[in-house]
Amino acid sequence: MSTHINAAKRGDIAESVLLPGDPLRAKFIAENFLDSPKLYNAIRGMFGYTGTYKGVPVSVQGTGMGMPSMGIYSWELITEYGVQNLIRVGTAGSFHEDVKIGDVVLGVSASTDSNYIHAFDIPGTYAPNASWDLLLKAQEAHKDLNISLKAGNIVSCDVFYEFGDWWKKWAKMNVLAVEMEAAALYMNAAYNKVNALAMVTISDHFITGEHSTSEERQHSFTDMMKLALEVCVK
């Protein structure tokens, strides 16, 4: 069995999957953290690997940018491949001085300006949340790893280049950071009754103007990668 975007057969993908947007980050995680990683997908250059971490099968699958792309990959992982735990490992832009470059943020919930919600025909505004089970495991794991961790509401936006001070309105509601995928992941997981968690490393700062390089985004955010892998084996 395969799909138009995934060459994997049933059984090739583990029940727990890390989901970086950048396929090169997927490659980096597989080659540096997984034992005996096997490439199961390279369609559209969106690499997917399965290996083991501390003896437990774990997969890592690139998803691309934005909610439509995350929506397709995560939906198929859940419905076609039986994935039960989906952990986004991505980057985000901070809205607050105390959420700094390099900080790891857990998205307890994901606000959004997207129309993705319309696919589910909900008669109102829906607030998608992370899995409580995965949040607890992340909280436990971060103490073992001595990683600084923040958690709260993040916002998933459809537009990358937005105009003006739009972000300040989100910041006033104590939304910590902006990214582009978590809300779709959380909605798909909720609808299909599986677990999802978005953990993001701050790579850009709306107040200070700081930015990480593309190479740093691919290779340097190892605290987040280690934390996600520990969640998979707890």
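Residues numbered from 1 in each chain as written. Predicted model: local features only at pLDDT ≥ 70, side-chain atom pairs only at ≥ 80, totals over all residues. Heavy atoms only, no water.

An unreviewed UniProt entry annotates the protein chain as Purine nucleoside phosphorylase DeoD-type originating from Aminipila butyrica. Quoted verbatim from the Function (unreviewed entry) heading of the UniProt record, the comment on the protein chain is "Catalyzes the reversible phosphorolytic breakdown of the N-glycosidic bond in the beta-(deoxy)ribonucleoside molecules, with the formation of the corresponding free purine bases and pentose-1-phosphate." Its UniProt record gives the protein chain the following Sequence similarities (unreviewed entry) comment, quoted word for word: "Belongs to the PNP/UDP phosphorylase family." (UniProt positions renumbered as here; feature names shortened; annotations may be inferred.)

Bringing the overall build of the protein chain into the picture now. Across its full length, the protein chain holds seven helices and nine strands. A compact globule built from 234 residues would reach a C-alpha radius of gyration of about 17 Å, and the protein chain, at 16 Å, matches this within 12%. Principal-axis analysis of the C-alpha atoms gives the protein chain an extent of 45 × 40 × 30 Å. The 234 residues of the protein chain split such that 54% are buried. Partitioning the intrachain contacts of the protein chain with sequence separation of at least 6 by distance along the chain shows that 76% fall at a separation of at least 24. Of the roughly 10800 Å² that the protein chain leaves accessible, carbon and sulfur atoms contribute 52%. Positive and negative side-chain charges in the protein chain, numbering 19 and 26 respectively, have mean positions lying 2 Å apart. (Helix = DSSP H or I, 4+ residues; strand = E, 2+ residues; numbered from the N terminus. Rg over C-alpha atoms; globule rule 2.2 N^0.38 Å. Buried < 20%, exposed > 50% of the residue type's maximum accessible area, 1.4 Å probe, protein only. Contact = heavy atoms within 4.5 Å. Areas by Shrake-Rupley, 256 points an atom, 1.4 Å probe, with all protein chains shown as cover. Lys, Arg positive; Asp, Glu negative; His and termini not counted. Charge placed at Lys NZ, Arg CZ, Asp CG, Glu CD.)

This brings us to the layout of surface pockets. In this structure, the largest pocket occupies an estimated 680 Å³ of space. Taken together, the elements giving at least two residues each to the lining of the largest pocket come down to strand E5 (85-94), helix H4 (166-172), strand E8 (177-179), strand E9 (195-205) and helix H6 (214-219). With five residues, the top contributor of residues to the lining of the largest pocket is E5. Tallied by class, the residues present in the lining of the largest pocket amount to 11 nonpolar, 11 polar and eight charged. In this model, the second largest pocket occupies a volume close to 190 Å³. Along the walls of the second largest pocket sit Ser 109, Ala 110, Ser 111, Thr 112, Ser 114, Ile 117, Gly 124, Thr 125, Tyr 126, Ala 127, Pro 128 and Asn 153, which together make up its complete lining. Per-element accounting of the lining of the second largest pocket gives the leading share, four residues, to strand E6 (residues 104-112). Residue composition of the lining of the second largest pocket, grouped by class: five nonpolar, seven polar and no charged. (1 Å grid on protein atoms, 1.4 Å probe; cavity = no way out; pocket = protein on both sides within 12 Å on 5 of 7 lines; lining within 4 Å. Points joined across faces, edges and corners; volume = space filled by probe spheres on them. Nonpolar A, V, L, I, M, F, W, Y, C, P; charged D, E, K, R; others polar.)

Glancing now at the packing of helix H3 (residues 132-145) against helix H7 (residues 222-233). The geometry of H3 relative to H7 is characterised by a closest axis approach of 9 Å and an angle of 120° between their N-to-C directions. Of the possible angle classes, the one that applies to H3 and H7 is oblique. When the axes of H3 and H7 are compared, the crossing they make is right-handed. Contacts from Leu 134, Lys 137, Ala 138, Ala 141, His 142 and Leu 145 of H3 reach H7 at Lys 226, Leu 227, Glu 230 and Val 231. Looking at the contact of H3 with H7 residue by residue, the classes come out as six nonpolar, one polar and three charged. (Axes fitted to C-alpha atoms, helices over the stretch in contact; angles between N-to-C directions. Parallel < 35°, antiparallel > 145°, perpendicular 65-115°, else oblique. Left-handed = near helix turned anticlockwise from the far one by under 90°.)

Along the chain, Thr 50 falls in strand E3 (residues 48-53). Polar side-chain contacts of Thr 50 include one of 2.7 Å to the backbone oxygen of Asp 12. A polar contact is formed between the side chain of Thr 50 and the side chain of Ser 59, at a distance of 2.6 Å. Each residue touching Thr 50, except ones within four places of it in the same chain, is listed here: Asp 12, Ile 13, Ala 14, Ser 36, Pro 37, Lys 38, Tyr 40, Val 58 and Ser 59. (Polar contact = N/O pair within 3.5 Å; in protein donor to acceptor, adjacent residues only side chain to side chain.)

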